[in-house]
Amino acid sequence: MDAKSAAKFKQHAERVIEELSLALTLAKQASPTDEFLRLRTSMGDLIARVDAMLLENIYKDHPDLDGMKR
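In this text the structure is predicted, and so the values were computed from the model without any measurement.

### Here's the deal with the packing of helix α1 (residues 3–30) against helix α2 (residues 33–61)
So, point 1. Where α1 meets α2, the closest approach of the two axes is 10 Å, and the angle between their N-to-C directions is 170°. With respect to their mutual orientation, α1 and α2 come out roughly antiparallel.
So, point 2. Across the contact of α1 with α2, the residue classes tally to 19 nonpolar, one polar and four charged.

And the structure:
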């Protein structure tokens, strides 16, 4: 993937993580504790997979996009 496409891909993947986090905030306010805890576990798994499977692959080819390495 070229650098421009990788940067756009990263933006979309980060938006997915942000949206999942916002959904989890809503669930915390609107769900019973046991349901929220199940959702939190699932959301955590999804966020970890997006990070590990999508973003880390982008960073391998385009390490300059990894803001944590600066």
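### Here's the deal with the nonpolar core
So, point 1. Grouped together as the largest cluster of nonpolar side chains are eight residues: Ala-6, Ala-13, Ile-17, Val-50, Leu-55, Ile-58, Tyr-59 and Leu-65.
So, point 2. Residue assignment for this core shows that the elements contributing at least two residues are α1 and α2.
So, point 3. Looking at this core, the element that brings in the most residues is α2, giving four residues.
So, point 4. If you look at the next biggest cluster of nonpolar residues, it comprises five residues, including Leu-20, Leu-24, Phe-36 and Met-43.

### Some details on the pattern of salt bridges
So, point 1. Tallied over the entire structure, the rule returns two salt bridges.
So, point 2. Note that Glu-14 is salt-bridged to Lys-10, the shortest N-O span being 3.5 Å. Of this pair, Glu-14 and Lys-10 both sit in helix α1, four residues apart, which is roughly one turn of the helix.
So, point 3. In this structure Glu-14 comes out as partly exposed when scored by relative accessible area, which is 36%.
So, point 4. Judged by its relative accessible area of 14%, Lys-10 is buried.
So, point 5. In this structure, Asp-34 and Arg-38 form a salt bridge, with 3.8 Å as the shortest nitrogen-oxygen distance. Placement of both Asp-34 and Arg-38 in helix α2 is noted, with a separation of four residues, approximately one turn of the helix.
So, point 6. In this structure Asp-34 comes out as partly exposed when scored by relative accessible area, which is 47%.
So, point 7. Looking at Arg-38, the relative accessible area reads 53%, which means it is exposed.

Analysis parameters
Residues numbered from 1 in each chain as written. Predicted model: local features only at pLDDT ≥ 70, side-chain atom pairs only at ≥ 80, totals over all residues. Heavy atoms only, no water. Axes fitted to C-alpha atoms, helices over the stretch in contact; angles between N-to-C directions. Helix = DSSP H or I, 4+ residues; strand = E, 2+ residues; numbered from the N terminus. Parallel < 35°, antiparallel > 145°, perpendicular 65-115°, else oblique. Nonpolar A, V, L, I, M, F, W, Y, C, P; charged D, E, K, R; others polar. Core = buried A, V, L, I, M, F, W, Y, C linked by side-chain atoms within 4.5 Å. Buried < 20%, exposed > 50% of the residue type's maximum accessible area, 1.4 Å probe, protein only. Salt bridge = Lys/Arg side-chain N within 4 Å of Asp/Glu carboxyl O.

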